[in-house]
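Breakdown of the fold
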Amino acid sequence: MALCPKSVLVTGANRGIGLEFVRQFLALKTPPKFIFACCRVPENVADLNSIAEKSPSVHVVKIDVTDDSIIGGARAYVESTVGADGLNLLINNAAVGVQKRLQEVTREEMRRHYEANAIGPLMVARAFLPLLKQAASLSPAAPMSCSRAAIINISSVLASISENSSGGGYAYRPSKAALNMLTTNLALELKEDGILATAVHPGWVKTEMGGPNALIDTGESITAMMSLLAKLQGEEGTGKFYNGVRGGLIVALLKNAPHPSKA
Ligand SMILES: NC(=O)c1ccc[n+]([C@@H]2O[C@H](COP(=O)([O-])OP(=O)(O)OC[C@H]3O[C@@H](n4cnc5c(N)ncnc54)[C@H](OP(=O)(O)O)[C@@H]3O)[C@@H](O)[C@H]2O)c1
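Calculation criteria
Residues numbered from 1 in each chain as written. Predicted model: local features only at pLDDT ≥ 70, side-chain atom pairs only at ≥ 80, totals over all residues. Heavy atoms only, no water. UniProt positions renumbered as here; feature names shortened; annotations may be inferred. Near = heavy atom within 4 Å. Polar contact = N/O pair within 3.5 Å; in protein donor to acceptor, adjacent residues only side chain to side chain. Areas by Shrake-Rupley, 256 points an atom, 1.4 Å probe, with all protein chains shown as cover. Helix = DSSP H or I, 4+ residues; strand = E, 2+ residues; numbered from the N terminus. Nonpolar A, V, L, I, M, F, W, Y, C, P; charged D, E, K, R; others polar. Salt bridge = Lys/Arg side-chain N within 4 Å of Asp/Glu carboxyl O. Buried < 20%, exposed > 50% of the residue type's maximum accessible area, 1.4 Å probe, protein only. Pairing = 2+ DSSP bridges. Right-handed = clockwise from strand over helix to strand, strands pointing away.

The name an unreviewed UniProt entry assigns to the protein is CSGA-like protein, from the organism Mya arenaria. Looking at the Sequence similarities (unreviewed entry) heading of the UniProt record, one finds this comment for the protein: "Belongs to the short-chain dehydrogenases/reductases (SDR) family."

See the structure below:
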């Protein structure tokens, strides 16, 4: 199965995993007509702006996922750009991640992580929902997929309760666990609209968040995730929590989900 959305929106696209998503979508055999590369400060993202200068399909759009009025402005821009085609793929990638121990964590740090990592992706998904529904409605007979209409939430294996053997990360882990729960809800609710919703762990990746000792670089992580996204199809592909690098399923977020084919 090929990954061929006509339009994709990536939050946190100015560096790290988000920036590499933009590069690899551009490099697809059939690249999207529109790549909305979102960042907090468009005038201050040299790497992204230099890609956009050379690639007319890349639109640099301001989004701070903690600010509803900025999200609303971005939605209006995307809507006027894609028109009746709607938006095929939303990748909620932006996040903050500071590892806090029990004695260090503060209310403020807890709130900051929940705002950016759980509440933000939910509000972005809700704002862009009419555009995703529009895209899904154009191919009513097609199974759910990332080429038709989908929300991909970039989660973390650190969100897994069953795989937590080292503890720590008091603000980050629960914020991503909340994101996984939101993914389940979205998958359940949006199934009837033909919109897929799944969470993906990108691996331990060399970025500002992952640090220099991480196991893989962004190229390897995104190559693996793109191949996973291409395979997500129908009921089997939605409501899941995948390890995007190993390709395996971390946990089926939906209790009664059919057993997935090996992704
Ligand atoms: N790297 C890893 O090993 C790893 C492992 C598991 C999961 N992940 C997940 O992968 C995703 C990408 O991480 P990364 O490693 O690429 O991290 P990164 O290099 O730290 O990049 C984080 C991105 O999120 C943006 N961001 C932060 N807060 C934002 C907000 N309020 N609104 C909009 N954008 C915001 C940052 O923008 P600014 O430049 O403006 O700060 C930046 O573009 C995250 O969801 C992360 O949790 C990463």
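Next up on the list: the site of the ligand. In the vicinity of the ligand lie 28 residues, with Asn14, Arg40, Asn93, Tyr172 and Thr207 positioned nearest. Taking Val65, its main chain carries an N or O atom lying 2.9 Å from a nitrogen atom of the ligand. At a separation of 2.6 Å, an oxygen atom of the ligand approaches a polar side-chain atom of Tyr172. Contact with the protein chains covers 93% of the free accessible surface of the ligand, which is 890 Å². Elements supplying a minimum of two residues to the shell around the ligand: helix 1 (16–26) and helix 5 (172–190). The class makeup of the residues in the shell around the ligand is 12 nonpolar, 11 polar and five charged.

Before going further, it helps to spend a moment on the pattern of salt bridges. One side chain can pair with another of opposite charge once the charged atoms of both are near each other. If you walk through the whole model with that rule in mind, you get seven salt bridges. Among the salt bridges present, the one from Glu208 reaches Arg15, with a minimum N-O distance of 3.2 Å. Note that Glu208 is positioned in the loop between strand 6 (196–201) and helix 6 (218–231) and Arg15 in the loop between strand 1 (7–10) and helix 1, a separation of 193 residues in sequence.

Attention now goes to the pairing of strand 4 (residues 89–92). Looking down a regular strand, the side chains alternate between one sheet face and the other. Residues Leu89 and Ile91 point to one face of strand 4 and Leu90 and Asn92 to the other, with burial holding for every one of them. Sheet topology note: the strand 1/strand 4 ladder contains three bridges and is parallel. Residue pairing across strands places Leu9 opposite Leu90, the latter belonging to strand 4. Here strand 4 runs beside strand 5 (residues 150–154); their pairing, made up of four bridges, is parallel. Paired with Leu89 across the strands is Ala150, a residue of strand 5. Handedness of the crossover joining strand 4 and strand 5 through helix 4 (residues 107–137) is recorded here as right-handed.

Side chains Ser7 and Leu9 of strand 1 all project onto a buried face; the interleaved residues Val8 and Val10 project onto the opposite face, where all are buried too. Summarising the sheet, strand 1 and strand 2 (residues 34–39) pair through four bridges and their orientation is parallel. Within strand 2, the residue paired with Leu9 across the bridge is Phe36. At this point the chain moves from strand 1, through helix 1, to the parallel strand 2, and the crossover so formed is right-handed.

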